[in-house]
Amino acid sequence: MIRYTDELCDPTLLMSLFETTGWNAKYKLTTEELHQAFEQSWYHTFAYDGERLVASGRVICDGVVHALILDVIVHPSLQTQGVGREIMQRIIAHCRHQKIRDIQLFSARDKAGFYNKLGFRERPLNAPGMEYA
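To keep things clear, this report deals only with the structure shown in the data block. (Residues numbered from 1 in each chain as written. Predicted model: local features only at pLDDT ≥ 70, side-chain atom pairs only at ≥ 80, totals over all residues. Heavy atoms only, no water.)

## A word on the packing of helix α1 (residues 11-19) against helix α3 (residues 31-39)
Helix-helix packing is characterised by the crossing angle of the two axes and by the distance between the axes.
Okay, step 1: Remark: α1 packs on α3, axes separated minimally by 9 Å, with the N-to-C direction vectors making an angle of 95°. The orientation of α1 relative to α3 falls into the category roughly perpendicular. On α3, the residues touching P11, T12, L14, M15 and F18 of α1 are T31, L34, H35 and F38. (Axes fitted to C-alpha atoms, helices over the stretch in contact; angles between N-to-C directions. Helix = DSSP H or I, 4+ residues; strand = E, 2+ residues; numbered from the N terminus. Parallel < 35°, antiparallel > 145°, perpendicular 65-115°, else oblique. Contact = heavy atoms within 4.5 Å.)

This is the structure:
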């Protein structure tokens, strides 16, 4: 039985889940830095299978207009089983409850189909937005 909570999780469990993505090859975060990023987020949510952390998601937000969803991670052994959908639904519900007007998402390109099913659309190539490299 998967259990969902908004309580910040143990830093070691969070790093273990984060490492399943391969993203840390780029970011080179310490356990403490990753925990700090989640701790300082506007909202975060987690899923556990027993004592094992199996999913996460977080939002950075100004509290009024813009929200950016980040670090939606589902352990590979539980992908395609609805855990990611529940994490996203919890995030979207929280943003809607707080009357956030613009919800953006940072995701891997190969996950677009998953997010499309939840109502997200890819930005057109001529849309505004840039990334500092």
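## Regarding the pattern of salt bridges
Okay, step 1: One pass over the full model with this rule turns up three salt bridges.
Okay, step 2: Ionic pairing is found between D6 and R90, a salt bridge with its closest N-O pair at 2.6 Å. Of this pair, D6 sits in the loop between β1 (2-5) and α1 while R90 sits in helix α4 (residues 83-97), placing them 84 residues apart in sequence.
Okay, step 3: In this structure, R58 and D71 form a salt bridge, with 2.6 Å as the shortest nitrogen-oxygen distance. Separated by 13 residues along the polypeptide, R58 in strand β3 (residues 52-61) and D71 in strand β4 (residues 66-74) bring together distant segments of the chain. For the pair shown, R58 and D71 are each scored as buried. (Salt bridge = Lys/Arg side-chain N within 4 Å of Asp/Glu carboxyl O. Buried < 20%, exposed > 50% of the residue type's maximum accessible area, 1.4 Å probe, protein only.)

## A closer look at unusual backbone geometry
Okay, step 1: Here the phi dihedral of K28 falls at roughly 50°; this positive angle occurs in a residue that is not glycine.
Okay, step 2: Residue K28 is classed as exposed on the basis of its relative accessible area of 60%.
Okay, step 3: Positive phi is not limited to glycine here, since K99 has a value of about 65°.
Okay, step 4: Looking at the secondary structure, you find K99 in the loop between α4 and β5 (102-105).
Okay, step 5: Residue K99 is classed as exposed on the basis of its relative accessible area, which comes to 62%.

## A look at the side chain of S41
Okay, step 1: Inspection of the secondary structure puts S41 in the loop between α3 and β2 (43-49).
Okay, step 2: The class for S41 is buried, based on a relative accessible area of 9%.
Okay, step 3: Once residues within four sequence positions are removed from consideration, S41 is found in contact with R58, V59 and I60.

## Brief notes about the side chain of T5
Okay, step 1: In this structure, T5 sits in strand β1.
Okay, step 2: A polar contact of 3.1 Å, which involves the side chain of T5, links it to the backbone nitrogen of E7.
Okay, step 3: When near neighbours in sequence (up to four residues on either side) are disregarded, T5 contacts T45, F46, Y48 and R90. (Polar contact = N/O pair within 3.5 Å; in protein donor to acceptor, adjacent residues only side chain to side chain.)

## What to know about the packing of aromatic side chains
Okay, step 1: Under the criterion given, the structure shown has four aromatic pairs.
Okay, step 2: When the centroid spacing of 5.8 Å and the interplanar angle of 70° are considered together, the rings of F18 and W23 count as edge-to-face.
Okay, step 3: Judged by relative accessible area, which is 30%, W23 ranks as partly exposed.
Okay, step 4: Pairing Y115 with F120 gives two aromatic rings, centres 6.3 Å apart and planes at 85°, and the pair type is edge-to-face.
Okay, step 5: The class for F120 is buried, based on a relative accessible area of 12%.
Okay, step 6: Clustering of aromatic rings is evident, with ring pairs tying together F114, Y115 and F120.
Okay, step 7: Just above the ring of F38 sits the side chain of R58; from NZ or CZ to the centre is 5.3 Å. (Phe/Tyr/Trp six-rings, centres within 6.5 Å; stacked < 30°, edge-to-face > 60°. Lys NZ or Arg CZ within 6 Å of the ring centre and 35° of its normal.)

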